[in-house]
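The lines below spell out each chain.
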Amino acid sequence: MFHISTYLYKPLLKIMGVKYGKNLNLYGLPVIAKTGRAKITIGSNCHIKSSFLSNLVGLYQRSIIVAKGSGKIVIGDRVGMSGVTIYAQKGITIGDKCIIGGNVKIIDNDFHPVDPQVRYETPVDNYGIKPITIGNNVFIGCNSIILKGVHIGDNAVVGAGSVVCSDVPEGVLVAGNPAVVKKQHC
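Cut-offs and rules
- Residues numbered from 1 in each chain as written.
- Predicted model: local features only at pLDDT ≥ 70, side-chain atom pairs only at ≥ 80, totals over all residues.
- Heavy atoms only, no water.
- Helix = DSSP H or I, 4+ residues; strand = E, 2+ residues; numbered from the N terminus.
- Buried < 20%, exposed > 50% of the residue type's maximum accessible area, 1.4 Å probe, protein only.
- Polar contact = N/O pair within 3.5 Å; in protein donor to acceptor, adjacent residues only side chain to side chain.
- Contact = heavy atoms within 4.5 Å.
- Salt bridge = Lys/Arg side-chain N within 4 Å of Asp/Glu carboxyl O.
- Core = buried A, V, L, I, M, F, W, Y, C linked by side-chain atoms within 4.5 Å.
- Pairing = 2+ DSSP bridges.
- Phe/Tyr/Trp six-rings, centres within 6.5 Å; stacked < 30°, edge-to-face > 60°.
- Lys NZ or Arg CZ within 6 Å of the ring centre and 35° of its normal.

A. Quick look at the side chain of Ser63. With respect to the secondary-structure elements, Ser63 resides in the loop between strand 5 (47-49) and strand 6 (64-67). Residue Ser63 is classed as buried on the basis of its relative accessible area, which comes to 0%. Separated by 3.1 Å, the side chain of Ser63 and the backbone nitrogen of Gly83 make a polar contact. Those residues in contact with Ser63 that lie beyond four places of it in its chain are Pro30, Val31, Ile48, Lys49, Ser50, Ser82, Gly83 and Val84.

Written out as structure tokens, the structure reads:
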């Protein structure tokens, strides 16, 4: 199905240096931006939903995909996402055939230092940054948060509302805050 936002937004992505494959479908207008030496690559046959009625789970915002500094975001082929925030200062890689539910946050940094004294003295210079890797055919349920340094294995499922702060083995279902393995071999 053709969407007017796809037609209007693709030339802007090219001007910004965002690379994308065939059949990128945009529902509504996402925020996709990069600064400095950052890179964003979106694979073929991807769907990025940003309009309120594009996902009936209820989206809180448009999709936001931002890479800053030397950050790198790589989204594989046949990935669908709705109202997501993907923010990289180092690197976020999402494999092929992933489903990323409504309002999911994937963030490779802390935004601010955890130590209060450091936060007061040098708030921008000393916060944690570690890359995130999400394997192939992963399903991340709505309202989940994927934190810095996490690796999610192929065929894993992240239950809705989970906070993932440690690695997820392939083929398992994790859920909760913090997310823990609830079922082996989904």
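B. Representation of the environment of Cys46. Note that Cys46 resides in the loop between strand 4 (39-42) and strand 5. Overall, Cys46 belongs to the buried group, its relative accessible area being 1%. It is 8.6 Å that separates the C-alpha atoms of Cys46 and Ile75, two residues lying 29 residues apart in sequence. When sequence neighbours within four positions are dropped, the list of residues in contact with Cys46 reads Asn23, Leu24, Asn25, Ile75, Gly76, Asp77, Arg78 and Val79.

C. Summary view of the pattern of salt bridges. This model, assessed by the stated rule, comprises one salt bridge. As a salt-bridge pair, Asp110 and Lys148 come within 2.6 Å of each other at their nearest N and O atoms. Pair noted here: Asp110 is in the loop between strand 12 (105-107) and helix 2 (116-121) and Lys148 is in the loop between strand 15 (145-146) and strand 16 (151-152), with a separation of 38 residues, a long-range link. For Asp110, a relative accessible area of 28% translates into the label partly exposed.

D. Structural detail: the environment of Phe111. Following the sequence through the fold, Phe111 ends up in the loop between strand 12 and helix 2. Classification of Phe111 as partly exposed rests on a relative accessible area of 39%. Here the alpha-carbon distance between Phe111 and Gly135, two residues 24 residues apart in the chain, equals 24 Å.

E. How the structure looks around the nonpolar core. One finds Ile75, Ile86, Ile94, Ile106 and Ile152 to be the most contacted residues of the largest nonpolar core, which totals 40 residues. Elements that contribute at least two residues to this core include exactly helix 1 (4-16), strand 4, strand 6, strand 7 (72-75), strand 9 (85-88), strand 10 (91-94) and strand 13 (132-134). Excluding anything up to four places from it in sequence, Ile106 contacts Thr85, Ile86, Tyr87, Ile92, Ile94, Ile100, Ile132, Ile134 and Ile146.

F. View of the sheet that holds strand 1 (residues 19-20). In space, the six strands of this open sheet follow the order 1-4-7-10-13-16, with parallel pairing throughout. Where the open sheet ends on each side, the last strands, each with one partner, are strand 1 and strand 16. Here strand 4 runs beside strand 7; their pairing, made up of four bridges, is parallel. Considered in strand 7, the bridge of Ile40 is made with Ile73.

G. Structural detail: the packing of aromatic side chains. Taken as a whole and judged by the stated rule, the model has one aromatic pair. Summarising the aromatic geometry, the rings of Tyr87 and Phe111 are spaced 4.9 Å apart at their centres and angled 15° between planes, so their arrangement reads as stacked. Placement of Tyr87 in strand 9 and of Phe111 in the loop between strand 12 and helix 2 is noted, with a sequence separation of 24 residues between them. For the cation-ring pair, Lys49 lies above Tyr27, with the distance from its terminal atom to the ring centre recorded as 5.3 Å.

H. Broad picture of the sheet that holds strand 18 (residues 163-164). Taken together, the six strands give an open sheet; going across it, the order is 3-6-9-12-15-18, and neighbouring strands pair in parallel fashion. Each edge of the open sheet is held by one strand with a lone partner, namely strand 3 (31-34) and strand 18. For strand 6 and strand 9, the ladder comprises four bridges, and the chain directions are parallel. Residue pairing across strands places Ile65 opposite Ile86, the latter belonging to strand 9.

I. Main features of the pairing of strand 6. Pairing of strand 3 with strand 6, which is carried by four bridges, proceeds in the parallel orientation. Within the sheet, the bridge partner assigned to Ala33 lies in strand 6 and is Val66.

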